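Below are the chains, spelled out letter by letter.
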Amino acid sequence: MDKRVFFIFLIFLISFVIFIFGTETFRFIVFGDNRPYNNEEPQPAVFRQIVQDAEWIHPSFVIDTGDLVHGYDANAEQTWKQYIDFLNVTKIFDMPFYTTVGNHDVAGENGQTDYELLLHRPLYYSFNYDTSHFIVLDTNVNSPNGNFTQAQYDWLVKDLESATSADNIFIFMHKPLHEYGDPTDTAWTDKVMAQKVEELFNSYNQKYHNIRIVFEGHEHLYWKADFDGITYIITGGAGAPLYQAPQDGGFYHFVLVTVYGKQVYTQVFLPGYFDVKYYPLNTGAFNNVTAIIKNHLPTIYDGLVIKGLQFVMPDSSSYTVSGNIPSRIWKTVKNDNGTVTVYVEAKLELGSYSQMTQNVVTVSVAK
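Summary of the structure given here. (Residues numbered from 1 in each chain as written. Predicted model: local features only at pLDDT ≥ 70, side-chain atom pairs only at ≥ 80, totals over all residues. Heavy atoms only, no water.)

## Here we look at the overall build of the protein
Logical step 1: Scanning the protein from terminus to terminus reveals 6 helices and 18 strands.
Logical step 2: Taken over 367 residues, the protein has a buried fraction of 56%.
Logical step 3: Here the analysis covers contacts within the protein between residues at least 6 apart in sequence; of these, 71% occur between residues at least 24 apart.
Logical step 4: For the protein, the exposed surface amounts to about 15,200 Å²; the carbon and sulfur share of it is 51%. (Helix = DSSP H or I, 4+ residues; strand = E, 2+ residues; numbered from the N terminus. Buried < 20%, exposed > 50% of the residue type's maximum accessible area, 1.4 Å probe, protein only. Contact = heavy atoms within 4.5 Å. Areas by Shrake-Rupley, 256 points an atom, 1.4 Å probe, with all protein chains shown as cover.)

Quick look at the structure:
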């Protein structure tokens, strides 16, 4: 079987696809393990593509499950440079971006200090969005091979107790509780604490039934399974070297999560699934700018809603949008140079691979 067709067939099997234009509560994207191959390399090209894909889809926010930089054996200058490069790649995000600390992130000289200083994130934390609660944990406390401390466990207990009324709870950690999907083993250094944390999740969920998904990284693959009513997803395919065959989850990807109240759906995307080109130029000099969206893979995502089309237009009191797919202007932002960025939401209709259907959206200065 052709590899590209196999990838699409595999994703079709592991993805539940639902598209209702404009009716979801919110969406977020998860990926992990984007680190470079070594301390001298920049962020991988595939990660840059994933970042651009995420920006085009434009969910409510994005979360990385860790291993942002290489770290191991890095001196202070190398560690700093790799964090700066990571920030330069992800600065295009026009939405909140949350990170999970991975073992590589604290392995280099000043790794933990740079992580907290440059990313403005504590090592573990939580936040709310809409009626959902998000918990980000540190599986590498104080060192690459550190333990999940009792202090963090006590914090986790209290944090879960504060979220009993949340519609959904999503949990993020770098090292998975089930190594390579094996329910008898864990990637955690402290096996006893790993079992204790999983038992906490299970006992809590038996009472409140709102832990939906535990997202993990560390292993460079995609894997999904349910244990005791909780879904576990390893998403470690954002650019680091792949260690498994494609049929075992070893392919580059990111995960789009769509929340409809208490219903949660996930879709797995290959990077570079579609691209966007603007004509004539997207510089603010033209009264009419057209975006052409073209798929590069056989599509199973017909009806995907993207919100990240950005048209740089001359300043005007109003704009119109037209094209061959459903679309609408949802935001305009005035820029310092006198132009206006017009954000457009569109529902892609990509058709079949053989047809290579083009979606066209044009924004014009209203006459």
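## Quick notes on helix α2 (residues 45-57)
Logical step 1: With 13 residues, α2 ought to run about 18 Å at 1.5 Å a step, and its terminal C-alpha atoms sit 19 Å apart, in line with that.
Logical step 2: Listed in full, the buried residues belonging to α2 are V46, F47, I50, V51, D53, A54, E55, W56 and I57. (Expected span 1.5 Å × (residues − 1).)

## A closer look at the pattern of salt bridges
Logical step 1: Tallied over the entire structure, the rule returns 7 salt bridges.
Logical step 2: R48 serves as the salt-bridge partner of D85, at 3.5 Å between the closest nitrogen and oxygen. Remark: R48 occurs in helix α2 and D85 occurs in helix α3 (residues 76-90); sequence separation between them is 37 residues.
Logical step 3: In this structure, R328 and E345 form a salt bridge, with 2.5 Å as the shortest nitrogen-oxygen distance. Taken together, the residues span a long stretch of sequence, with R328 in strand β16 (residues 327-334) and E345 in strand β17 (residues 339-347) at a distance of 17 residues. (Salt bridge = Lys/Arg side-chain N within 4 Å of Asp/Glu carboxyl O.)

## Describing the sheet that holds strand β13 (residues 288-295)
Logical step 1: With respect to topology, 4 strands assemble into an open sheet ordered β12-β13-β18-β15, the strand pairing being antiparallel. Whereas interior strands pair on both sides, the edge strands pair on one side only; in this sheet they are β12 (274-279) and β15 (319-323). For this sheet, the mean angle separating the axes of adjacent strands, direction not counted, is 20°.
Logical step 2: As judged from the 6 bridges shared by β12 and β13, these two strands associate in the antiparallel manner. The partner of K277 across the bridge, within β13, is I292. (Pairing = 2+ DSSP bridges. Axes fitted to C-alpha atoms, helices over the stretch in contact; angles between N-to-C directions.)

## What about the sheet that holds β17?
Logical step 1: Read across the sheet, 3 strands follow the order β14-β17-β16 without closing on themselves; strand pairing throughout is antiparallel. Across the chains shown, the open sheet's two edge strands, defined by having one partner strand only, are β14 (305-314) and β16. In this sheet, adjacent strand axes meet at a mean angle of 25° when their direction is disregarded.
Logical step 2: The pairing of β14 with β17 spans 8 bridges and is antiparallel. Bridging from a neighbouring strand, Q310 pairs with Y343 of β17.

## Here's the deal with the packing of aromatic side chains
Logical step 1: Tallying each qualifying case throughout the model produces 37 aromatic pairs.
Logical step 2: Three or more aromatic residues joined by ring pairs make a cluster, and in this case those are F26, F28, F61, Y98, F127, Y129, F134, F170, F172 and F215.
Logical step 3: Above the plane of the ring of W330 lies K307, whose end atom (NZ or CZ) is 4.3 Å from the centre.
Logical step 4: The side chain of K331 reaches across the aromatic face of Y343, ending 4.4 Å from its centre. (Phe/Tyr/Trp six-rings, centres within 6.5 Å; stacked < 30°, edge-to-face > 60°. Lys NZ or Arg CZ within 6 Å of the ring centre and 35° of its normal.)

From the geometry alone we can't say anything about function, so treat these as descriptive.
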